[in-house]
Amino acid sequence: MDLAGISVVDAHIHQWDPLGTPREFSTPAKLLRYLPLPVDFAARLTPKRDREFVGDPTAYLHPYLPADYRADAGAVPVEALVHIEVEWAGRAPGAKADETRWVASLPFGVDTPALGAIIGGGDPTRPGFADLVDAHRSASPLVRGIRTMVAHHPDPDVRSFAAAPGVLTSSGFLNGFVVLAERGLHFEAWVYSHQLPEVTALAQRYPEVTIVLNHLGTPAGIFGPVGRATGSGQNSRHELFARWREDLAALAAQPNVVAKVSGLAMPVLGHLVPVRGNPTPVAALLERVAPLLHHAFDVFGAQRLIWGSNFPVDKPITSIANSAQVVVDVLADRGGSAVELDQVFRTNAQQVYAIDADLLA
């Protein structure tokens, strides 16, 4: 089983230019531009939680644009992409819409895969959220939904992206979330695995909103120790896996939820970081991630799973080709059909993100 003959949609990629656009990680990138410091030396000056999250800071310190993605995709037959917001900074209420405008201006489709959809950034708890959502939609007709950085980990040495826990269940978030329901947009949920029950509660409260779970819930430390104590022993990792299995199954019981088989090579999962430019072999990746993928197929089925590379975030651990091959191999091991392969790598994303069929050969 392989991807030959399939027009692939990569449903989770990031584009950024930390030197020319305002990002949370723009300041160190700009400093290195003017200070003659090696990247690896500069990385040692950053907090441990940031080092463990990124694995290798190289991609965060340089632009990552359509031509860079094309080079990384190699022979994988990607025809269309879904861009996911990523840490655009700005104090003005509508600042995050500038990211959508910037992404829409990039040279996609010029010897690169086409841009099929955009997920903008926004926080339902903040005043003016409705205006921000409308600004995203005005910036590009490709906007299909919003992602909020709500990932928060109880281990203080694991990188959190929300200031406090429980954002998804707060009254401010729930009240603002209705904006997405009113506009027919969906929500991209990126959380750590212990937050999965919060996503389930959100899906139950708003059954009319499609919720896309990013990265199967990112069980930090499941492959090795990260942070202060997360994943620090075999028993701890077994408990983490058991809880993740139970919580993912409960989430999958909500019919308005689909999940991305993406981000399984994020360094924060506890992967060993290989030498730069030497992606982890498929066999080694399979040994780690196959149990996660098998369970995801069991509870969601191929009809509600979507592949995404999560590039360049996953680049320190894997390649796009290896990321895709792991999913192909697991599906083949389960006796999956050509129809199911097409669903995971193309059809499901095309439907969820309303991607123009003309973009796919």
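Given the structure is predicted, the values throughout are model-derived calculations rather than measurements.

Engineer: Just checking my understanding: could you explain the side chain of Glu-85 for this structure?
Structural biologist: Looking at the element boundaries, Glu-85 is found in the loop between strand 2 (78–84) and helix 5 (97–105). The contact partners of Glu-85, leaving out residues within four places of it in the chain, are His-14, Glu-99, Ile-119, Gly-120, Gly-121, Arg-147 and Met-149.

Engineer: Help me understand the layout of surface pockets, please; the structure alone is not making it clear to me.
Structural biologist: In this approach a probe as big as a water molecule rolls over the atoms, and the regions it shows empty are the leftover space. As a volume, the second largest pocket reaches approximately 570 Å³. Lining the second largest pocket are 28 residues, with Lys-96, Asp-123, Arg-126, Thr-148 and Met-149 positioned closest to its centre. Residue assignment for the lining of the second largest pocket shows that the elements contributing at least two residues are helix 6 (129–139) and strand 4 (143–149). Of the residues in the lining of the second largest pocket, the class split is 15 nonpolar, six polar and seven charged.

Engineer: Would you take a moment to explain unusual backbone geometry for this structure?
Structural biologist: Both trends apply: most residues other than glycine have a negative phi, and most peptide bonds are in trans. The step from Phe-311 to Pro-312 runs through a cis peptide bond, and the omega angle for that step is 5°. Mapped onto the elements of the fold, Pro-312 is located in the loop between strand 8 (305–307) and helix 11 (320–333). Positive phi outside glycine occurs at Glu-87, with the angle close to 55°. Accessibility expressed as a relative area gives 11% for Glu-87, which makes it buried. The backbone of Asp-111 shows a phi angle near 60°, a positive value even though the residue is not glycine. As for its placement among the helices and strands, Asp-111 is situated in the loop between helix 5 and strand 3 (114–121).

Engineer: What should I look at first to understand the sheet that holds strand 4 in this one?
Structural biologist: Pairing between the strands of a sheet is mediated by backbone hydrogen bonds and can be parallel or antiparallel. An order of 1-2-3-4-5-6-7-8 is seen for the eight strands of this open sheet, with the pairing classed as parallel. Two strands in the sheet have a free side with no partner beyond their single neighbour: strand 1 (8–13) and strand 8. In this sheet, adjacent strand axes meet at a mean angle of 25° when their direction is disregarded. Both strand 1 and strand 2 contribute to a ladder of four bridges, which runs parallel. Bridged to Asp-10 within strand 2 is Leu-81. Set on the sheet, helix 5 makes contact with strand 2, strand 3 and strand 4; between it and strand 3 the angle comes to about 170°.

Engineer: Whenever I open this one, the environment of Val-328 confuses me. Can you help?
Structural biologist: Along the polypeptide, Val-328 turns up in helix 11. On a C-alpha basis, the gap between Val-328 and Phe-345 in space is 9.3 Å, while along the polypeptide they are 17 residues apart. For Val-328, the residues in contact, after removing those within four places along its chain, are Met-1, Asp-2, Leu-3, Leu-341 and Phe-345.

Engineer: What should I look at first to understand the packing of helix 9 (residues 234–252) against helix 10 (residues 282–300) in this one?
Structural biologist: Working note: a packed helix pair is described by the angle between its axes plus the distance between those axes. Between helix 9 and helix 10, the shortest axis-to-axis distance is 9 Å and the interhelical angle comes to 25°. Classified by the interaxial angle, the pair formed by helix 9 and helix 10 is roughly parallel. Relative to helix 10, helix 9 is oriented so that their crossing is right-handed. For the pair helix 9 and helix 10, contact is made by Phe-241, Trp-244, Arg-245, Leu-248, Ala-249 and Ala-252 and by Pro-291, Leu-292, His-295, Ala-296, Val-299 and Phe-300, respectively. A class-by-class count of the residues in the contact of helix 9 with helix 10 yields 10 nonpolar, one polar and one charged.

Engineer: What should I look at first to understand empty space enclosed by the protein in this one?
Structural biologist: Considering all chains together, one arrives at one cavity of 30 Å³ or more under this definition. Considered as a void within the structure, the largest cavity measures approximately 120 Å³ in volume. Taken together, 16 residues form the lining of the largest cavity, with Leu-264, Ala-265, Val-289, Ser-323 and Val-326 sitting closest to its centre. When contributions to the lining of the largest cavity are tallied by element, the ones reaching two or more residues are helix 10 and helix 11.

Engineer: Can you help me understand the pairing of strand 5 (residues 186–190) in this one?
Structural biologist: For a regular strand, side chains alternate in direction, first toward one face of the sheet and then toward the other. Summarising burial for strand 5: five of the five residues are buried, a large majority. A two-sided burial pattern is seen for strand 5, the buried positions comprising His-186, Glu-188 and Trp-190 on one face and Phe-187 and Ala-189 on the other. With respect to chirality, the unit in which strand 4 leads through helix 7 (residues 171–183) into the neighbouring parallel strand 5 is right-handed. Pairing analysis gives three bridges linking strand 5 to strand 6 (residues 211–213), with the strands arranged parallel. Bridging across to strand 6, Phe-187 finds its partner in Ile-211. Considered for its hand, the β-α-β crossover made up of strand 5, helix 8 (residues 196–205) and strand 6 is right-handed.

Engineer: Hey, could you run me through the environment of Pro-279 in this one?
Structural biologist: Inspection of the secondary structure puts Pro-279 in the loop between strand 7 (257–261) and helix 10. In the structure, Pro-279 is positioned 38 residues away from Ile-317 in sequence and 5.6 Å away in space, judged by C-alpha atoms. Sequence-distant contacts of Pro-279, that is, excluding residues within four places in its chain, are made with Ile-317, Thr-318, Ser-319 and Asn-322.

Cut-off values and rules
Residues numbered from 1 in each chain as written. Predicted model: local features only at pLDDT ≥ 70, side-chain atom pairs only at ≥ 80, totals over all residues. Heavy atoms only, no water. Helix = DSSP H or I, 4+ residues; strand = E, 2+ residues; numbered from the N terminus. Contact = heavy atoms within 4.5 Å. 1 Å grid on protein atoms, 1.4 Å probe; cavity = no way out; pocket = protein on both sides within 12 Å on 5 of 7 lines; lining within 4 Å. Points joined across faces, edges and corners; volume = space filled by probe spheres on them. Nonpolar A, V, L, I, M, F, W, Y, C, P; charged D, E, K, R; others polar. Buried < 20%, exposed > 50% of the residue type's maximum accessible area, 1.4 Å probe, protein only. Pairing = 2+ DSSP bridges. Axes fitted to C-alpha atoms, helices over the stretch in contact; angles between N-to-C directions. Parallel < 35°, antiparallel > 145°, perpendicular 65-115°, else oblique. Left-handed = near helix turned anticlockwise from the far one by under 90°. Right-handed = clockwise from strand over helix to strand, strands pointing away.

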